[in-house]
Amino acid sequence: MDVDYAIVGGGPAGLAVAIEAAMHGKTAVVVERCRGPVDKACGEGLMPPGVARLRALGVEPPAWGCHPFTGIRYVDGDVIAEARFLEGPGLGIRRLALSEAMLARAAALGVTLYQGTEAMGFTEDAQGVTLETSRGPVRARWLVAADGLHSRVRKEAGIDATPAATPGGSSGRRLGIRRHFTVRPWSDKVEVWWGDGVEAYVTPVGPERVGVAFLWSGGKGDHEAFLQHFPALAAKLGPPESTVRGAGPFGVRVARRTRGRVLLVGDAAGYLDALTGEGLSLAFESAEALVAATLAGTPARYEADWARITRRHLLFTGLLLQVARRPWLRRRVVRALRRFPSGMEGFLAMNTGHWSPFRALPSVGAVGIGLLTG
Ligand SMILES: Cc1cc2nc3c(=O)[nH]c(=O)nc-3n(C[C@H](O)[C@H](O)[C@H](O)COP(=O)(O)OP(=O)(O)OC[C@H]3O[C@@H](n4cnc5c(N)ncnc54)[C@H](O)[C@@H]3O)c2cc1C
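One structure accompanies this document, and this report is about it. (Residues numbered from 1 in each chain as written. Predicted model: local features only at pLDDT ≥ 70, side-chain atom pairs only at ≥ 80, totals over all residues. Heavy atoms only, no water.)

### Quick word on the pattern of salt bridges
Heads up, the rule is: Put simply, a salt bridge is a Lys or Arg side-chain nitrogen that is within 4 Å of an Asp or Glu carboxyl oxygen. By the criteria applied, helices consist of DSSP H or I runs no shorter than four residues and strands consist of E runs no shorter than two, each listed in order from the N terminus. Burial classification: accessible surface area is computed with a 1.4 Å probe over protein chains only, and a residue below 20% of its type maximum counts as buried, one above 50% as exposed, and the rest as partly exposed.
Summed over the entire model, instances satisfying the criterion amount to 23 salt bridges. Here D39 ties to R178 by a salt bridge, and the two come within 3.0 Å at their closest N and O atoms. Of this pair, D39 sits in the loop between β2 (28–32) and β3 (45–46) while R178 is found in strand β13 (residues 174–182), placing the two residues 139 residues apart along the sequence. Both residues of the pair, D39 and R178, belong to the buried class.

### Focus on the environment of R154
Quick reminder of the rule: Contacts: residue pairs with any heavy atoms within 4.5 Å of one another. Whenever a nitrogen or oxygen atom comes within 3.5 Å of another N or O atom, the pair is scored as a polar contact, on the condition that within protein one atom can donate a hydrogen and the other can accept it, and that pairs from neighbouring residues in sequence are kept only if both atoms are in side chains.
Inspection of the secondary structure puts R154 in helix α4 (residues 152–156). With a relative accessible area of 6%, R154 lands in the buried category. In sequence terms R154 and R259 are 105 residues apart; their C-alpha atoms lie 9.4 Å from each other. Ignoring sequence-local partners within four residues, the contact set of R154 consists of G148, L149, I159, A161, V252, V254, L264, D267 and A268. From its side chain, R154 meets the backbone oxygen of A268 in a polar contact 2.8 Å long.

### Things to note about the site of the ligand
The criterion, for reference: If even one non-hydrogen atom of a residue comes within 4 Å of a molecule or strand, that residue is called near it. Computed by Shrake-Rupley with a 1.4 Å probe, the accessible areas treat only the displayed protein chains as cover when residues are assessed.
Close to the ligand lie 34 residues; E32, G43, G45, D267 and L280 are nearest. Interatomic distance of 2.9 Å between a side-chain N/O atom of R95 and an oxygen atom of the ligand. L280 is positioned such that a nitrogen or oxygen atom in its backbone is 2.8 Å from an oxygen atom of the ligand. Its free accessible area being 1000 Å², the ligand has 93% of it covered by the protein chains.

Laid out in structure tokens, this is it:
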């Protein structure tokens, strides 16, 4: 089969590239090893820029699997700090619902979906790429690696991927697990419950459902055991309604995003941590940039665009990781954010790109004063 884009991976990044390409009149094949809507360990909080991109892609998430949220709440013992997004709500979205909606949109636009299909090696020549799959070869102008954190295409393209430096110490790389509980969401915010060595991310993902994801460093994790670190949270939950799923380790630094006709997007392009819940938004924004650069015949431009899209996230997430690893500092920061809620609003607005760092300066300054005087 001959197409413009052969896309390995039918997760959010791969489907976003396929939809974006089809909206520009291009042909795409998505090769995904799973069948039907794809589930994955995820905090499932889509930040406001991701909501805007999803809307621009014409994807309509089903009501059964989503719930809006207006901001972020930090819970550190009995200290609570919270702030709203200035640019509008985010969306808690069950991965199965996101996948279902994106698959429907892609199919409606004429994207070819090879589900239950494994992508194998590829060869490249001056005119295009031939991707080998368990269904036979696909010939394409561009090969898109959207095959996640441990991307095989990236490896076969000879692009180096190394563990990102562990911020603040050597207690191992970060991992995540999640599970869903049947309960009416009690908060209109995504809640981050801070503990020493583990954080809980609580996201409303349906009219009667919340997801609880844990992130931690080092060895094996047990969802039930982690929950016991947060008895006040455990008391709010109803019965579990999904099995535990895990992912990681995070922290993959990738040397480059393009090589010849191969382009990397989503987690395959590099990923730091789920701490600020931005993987989906970054994947959607990068998908748009990838298609624009290839349509213009300037794939190298994508590298610069990717750096621009992810720069703020990498800086902010890196800083927050440093804080998370130092309980004394974390407690001080959460107390300062509680004293200066407008400062926390400014941080959120800067992190999502709604405010420039310059515009956020007074907010950051206020939190800084809170830190020094708290
Ligand atoms: C615990 C946790 C919490 C998170 N919380 C959030 C959050 O709240 N908000 C947020 O925005 N992000 C969050 N993230 C990050 C987010 O989940 C990822 O950034 C996102 O899933 C990246 O999408 P992707 O399409 O690049 O990769 P994936 O979702 O991993 O999709 C890759 C796809 O490629 C397929 N594939 C791989 N290899 C092959 C092959 N050889 N052949 C065929 N198919 C293949 C896989 O089956 C998979 O479906 C979280 C992540 C974790 C682990």
